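Structural overview
Listed here are the chains, written in short residue letters.
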Amino acid sequence: MKVEDVVCPFCGCLCDDLVVEVEGTRVVNVENGCTLANEKFMGDHRLKAPIRRAGNAWEEISYDEAIEETAAILLDADRPLLYGWSGTFGEAQSVGVHLAELLGAVIDNTSTVCHGPSIMAIQEVGHPGCTLGQVKNRADVVVYWAANPIEAHPRHMSRYTTFCDGFFVKSAFRERKVIVVDVRETESSQVADEFVKVNPGGDYAVLSALRAIVRGKRDLIPATVEGVSREQLFRVADLCMSAKFGAIFFGVGLTMAQGKYKNIRNAIELTEELNRHTKFTISPMRGHWNVYGSNEVFTWITGYPYAVDFARGIAFYNPGETTSVDILRRGECDACLVVASDPGAHFPRACAEHLARIPTVQIDPHVNATTHLSRIQIPVAVTGIDAEGTAYRMDGVPIRTRRLFYGNYPDDLDVLEKLYRIIREARG
Amino acid sequence: MRVVLKTRPREKPRIPIEAEEIIPQNFLRKDDITVYYGNKERSLEDLFFVTIEGPAVSPDQVEVVLTGETGMIKRVGEYMNAGRIIIEGDIGMHCGNFMSAGEIVIRGNADAWLGREMRGGRILCEGNAGHYCAAGYRGEKRGMRGGTVEVKGNAGDFTAEYLSGGEVIIHGNCGDLPGVEMRGGTLVVGGDCARPCGNMTGGTCMVFGKARQFLPTFRSNGSQEVEYAGKRYRMNTFRGDVANRGKGTLMVRA
Ligand code: SF4
């Protein structure tokens, strides 16, 4: 059976034009997807049943047993951490937030290791953003700053920028200028009209210099700024100021480099400055599929997008204090529930070590690095393949994902609702 | 009155304690002081051995001494408006949040957000301070507004972010972006730092060590002599941050 208009469940582009061929409970072919999408649909590392660590081995247990034991672990904790959420759908994320409130837990999503600093900067100075459709149809200058879309978001350029014609940009390849700013050459920098190579950690100074140039203070700029010549800075500023519609996309190379959210704030303030001359927008290249949705859901319910601490019954947010990496590195939490992400693969070693020390439970379809740190793992359906729900694209557009077939697994929502019910009964 | 709070042994010592009720004025009129240990509310006596000596009729006559495993205790001295707190060892985050008067002395190290949005009084940290020393809360446009924070050792990144008033003196080194977004007050860095005063709009910052990765958007404004720790130094003076139409003063040792 061929299913059309399928939404890809891998990266923040949420491409919704895939054609997927299904045989029974298996995907056998994917059209229009990139290699990442193909691997996501056709990869086969799914855990068959819930497992529990028994000495140096694993034993299979029932779903009921696994969920009850998870509830007991969380109820017993004085500072539980509920982490992940970006690989699942909004309805499940919402139950997660209510569970955190009930438990007095900290709930955090993968923004903590990707675009959390972007949100902090937006909280300071706002967000002159737009949808990807606007960029596709209008942008004649596109800047990728510390992002490598060809490898991380493989269809971004072909669906929205360099290789995609738009309503007002009839021949994108000729009419759109692409500027790539990065610390090294990448596949993306090779297709750029202008490649700006910045010294590692030098983005903040380059952004400050561009702001000063756009403001008319060219006399202040020294011969080079963090490896970038004054002439190139002038050229880039002129390209941006003469654009009809410009769009900056920035990646984790900017959010996680020295200065973190101050880099993003500087980039937003450059965008604001450019808006005195023309129309310019700025958007984060959100990576982990529905991470934008987790920020939305957390914010509806708590007022904060990630790193929400319910220890005192009310929501408190302070990245650096209530973020998972910081909590784990300080050894604060005494139990952890990981849902739809893989901190074992992404977090620093000290954090992974703490996860292995405390009772960690993972709800995830696949065997991954976190499996090896966990006491229990509960396999679920993969959202966008055998589970459906709402996810958000990187530009904040909600998209309903499809279920391609009915498999043998419960979805995240089924498991979390059961867990919530048990904990609510225990709490009375 | 002298109140001594010695921590009791805790089964899970890494779980943070939130103790904003530990301020001198509370020991004068409250006998039901509670603190949070993780997600559980506990009485002060559950977590501390409490000894009270001598009388007091006003909060400025109260001295609170914290000893033992104090490095994970947060928010001590929050909204303090009189008296004295002495911490014999390290202290957790947010010590002296919003304090308006009185004195806090930390004999060890202080964790992040020491003196956050402080309005008056004095904090002396004899060890090192963490990130965001004398800064503001997330999204807050004004950080510390008055009083003095003095750190004998080093401070972390974003020291005195959004500083709006008062004086911050770090005798050792600072990390990245001290005085970022600062708009008033005085920041003194005795040692080295990186990228001081990005996006500043007002106030004065003096760096007596090396300023690494000096930002290109500060305009030179001559030099002048300044006294620090009993010696006179010639300082190169800059105005900025021009990227932000700033009119702050940044001085770096010549
Ligand atoms: S670009 Fe991203 S969303 Fe689109 S097909 Fe590739 S992995 Fe899927």
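Since the structure is predicted, the reported quantities are computational estimates derived from the model, not experimental observations.

1. What about the overall build of chain A?
For chain A, the helix and strand inventory stands at 18 helices and 21 strands. Expressed as lengths along the three principal axes of its C-alpha atoms, the size of chain A is roughly 70 × 50 × 35 Å. The proportion of buried residues among the 428 residues of chain A is 62%. In chain A, once contacts between residues fewer than 6 apart in sequence are set aside, the share between residues at least 24 apart is 67%. As displayed, chain A has an accessible area near 15,800 Å², and 49% of this comes from carbon and sulfur atoms. Counting 45 positive and 55 negative side-chain charges, chain A places the averaged centre of each group 5 Å from the other.

2. A word on the site of the ligand
Every residue close to the ligand is listed here: Cys8, Phe10, Cys11, Cys13, Leu14, Cys15, Cys34, Leu36, Ala37, Pro154 and Arg155 of chain A. Partitioning the shell around the ligand into residue classes produces 10 nonpolar, no polar and 1 charged.

3. What about the pattern of salt bridges?
Taken as a whole, this structure holds 48 salt bridges over all chains when the rule is applied. Among the salt bridges present, the one from Arg218 of chain A reaches Asp238 of chain A, with a minimum N-O distance of 2.7 Å. Within this pair, whereas Arg218 of chain A is found in the loop between α10 (203–214) and β11 (224–225), its partner Asp238 of chain A is found in helix α11 (residues 230–241), the two being separated by 20 residues in sequence. On the basis of relative accessible area, Arg218 of chain A is assigned to the partly exposed category, the value being 29%. Three or more residues are tied together by salt bridges with common partners; here these are Glu124, Arg211, Lys262, Arg265 and Glu269 of chain A together with Glu161 and Glu181 of chain B.

4. Some remarks on the domain arrangement of chain A
Residue and element names in this part refer to chain A. Here chain A is partitioned into domain 1 (47–113 + 289–427) and domain 2 (116–284). Every contact between the two is made by 12 residues of domain 1 and, on the other side, 13 residues of domain 2. Scanning the region where domain 1 abuts domain 2 turns up 0 salt bridges. In terms of residue class, the side of domain 1 that touches domain 2 is made up of 7 nonpolar, 3 polar and 2 charged.

5. A short note on the interface of chain B and chain A
Contacts between the two partners involve 42 residues from chain B, matched on the other side by 43 residues from chain A. Between chain B and chain A, the buried area comes to about 3,800 Å², and carbon and sulfur atoms account for 45% of it. Of all residues in chain B, the largest losses of buried area upon contact with chain A belong to Asn39, Arg138 and Pro216 of chain B, amounting jointly to 16% of the total for that side. Put simply, chain B and chain A have 10 salt bridges between them. When the shortest N-O distance is used, the salt bridge between Arg219 of chain B and Asp219 of chain A registers 3.0 Å.

6. Quick notes on the packing of aromatic side chains
Aromatic rings considered in pairs are described by the distance between their centres and by the relative angle of their planes. Following the criterion strictly, the structure yields 16 aromatic pairs over all chains and no others. Summarising the aromatic geometry, the rings of Tyr261 of chain A and Phe158 of chain B are spaced 5.4 Å apart at their centres and angled 55° between planes, so their arrangement reads as tilted. Of this pair, Tyr261 of chain A sits in helix α13 (residues 261–274) while Phe158 of chain B sits in the loop between β11 (148–151) and β12 (167–170), on two different chains. Residues Tyr261 of chain A and Phe158 of chain B agree in their burial class; the two are buried. When the ring centre of Phe167 of chain A is taken as reference, the NZ or CZ atom of Lys170 of chain A above it lies at 4.8 Å. Sitting above the plane of the Tyr261 of chain A ring, Arg138 of chain B keeps its charged end 5.5 Å from the centroid.

7. A word on helix α14 (residues 291–302) of chain A
Residue and element names in this part refer to chain A. Helix length check: α14, at 12 residues, gives a terminal C-alpha distance of 16 Å against a target of 16 Å (1.5 Å per residue), a fit within 8%. When α14 is considered as a whole, its buried residues turn out to be Val291, Tyr292, Gly293, Ser294, Asn295, Val297, Phe298 and Thr302. Positive phi shows up at Gly303, right after α14, with a value of about 95°.

8. Looking at the packing of helix α3 (residues 90–103) of chain A against helix α18 (residues 412–427) of chain A
Packed helices, taken two at a time, are described by their axes: the angle between them and the distance between them. Residue and element names in this part refer to chain A. Interaxial distance between α3 and α18 falls to 9 Å at its minimum, and their mutual angle equals 20°. Put simply, α3 runs roughly parallel to α18. In the packing of α3 onto α18, the handedness of the crossing is left-handed. In this structure, α3 contributes Glu91, Ala92, Val95, His98, Leu99, Leu102 and Leu103 to the contact, and α18 contributes Asp412, Leu413, Leu416, Glu417, Leu419, Tyr420, Ile423, Arg424 and Arg427.

Parameters at a glance
Residues numbered from 1 in each chain as written. Chains lettered and ligands numbered in written order. Predicted model: local features only at pLDDT ≥ 70, side-chain atom pairs only at ≥ 80, totals over all residues. Heavy atoms only, no water. Helix = DSSP H or I, 4+ residues; strand = E, 2+ residues; numbered from the N terminus. Buried < 20%, exposed > 50% of the residue type's maximum accessible area, 1.4 Å probe, protein only. Contact = heavy atoms within 4.5 Å. Areas by Shrake-Rupley, 256 points an atom, 1.4 Å probe, with all protein chains shown as cover. Lys, Arg positive; Asp, Glu negative; His and termini not counted. Charge placed at Lys NZ, Arg CZ, Asp CG, Glu CD. Near = heavy atom within 4 Å. Nonpolar A, V, L, I, M, F, W, Y, C, P; charged D, E, K, R; others polar. Salt bridge = Lys/Arg side-chain N within 4 Å of Asp/Glu carboxyl O. Domains from an automatic or database assignment. Buried area = accessible area lost by both parts, 1.4 Å probe. Phe/Tyr/Trp six-rings, centres within 6.5 Å; stacked < 30°, edge-to-face > 60°. Lys NZ or Arg CZ within 6 Å of the ring centre and 35° of its normal. Expected span 1.5 Å × (residues − 1). Axes fitted to C-alpha atoms, helices over the stretch in contact; angles between N-to-C directions. Parallel < 35°, antiparallel > 145°, perpendicular 65-115°, else oblique. Left-handed = near helix turned anticlockwise from the far one by under 90°.

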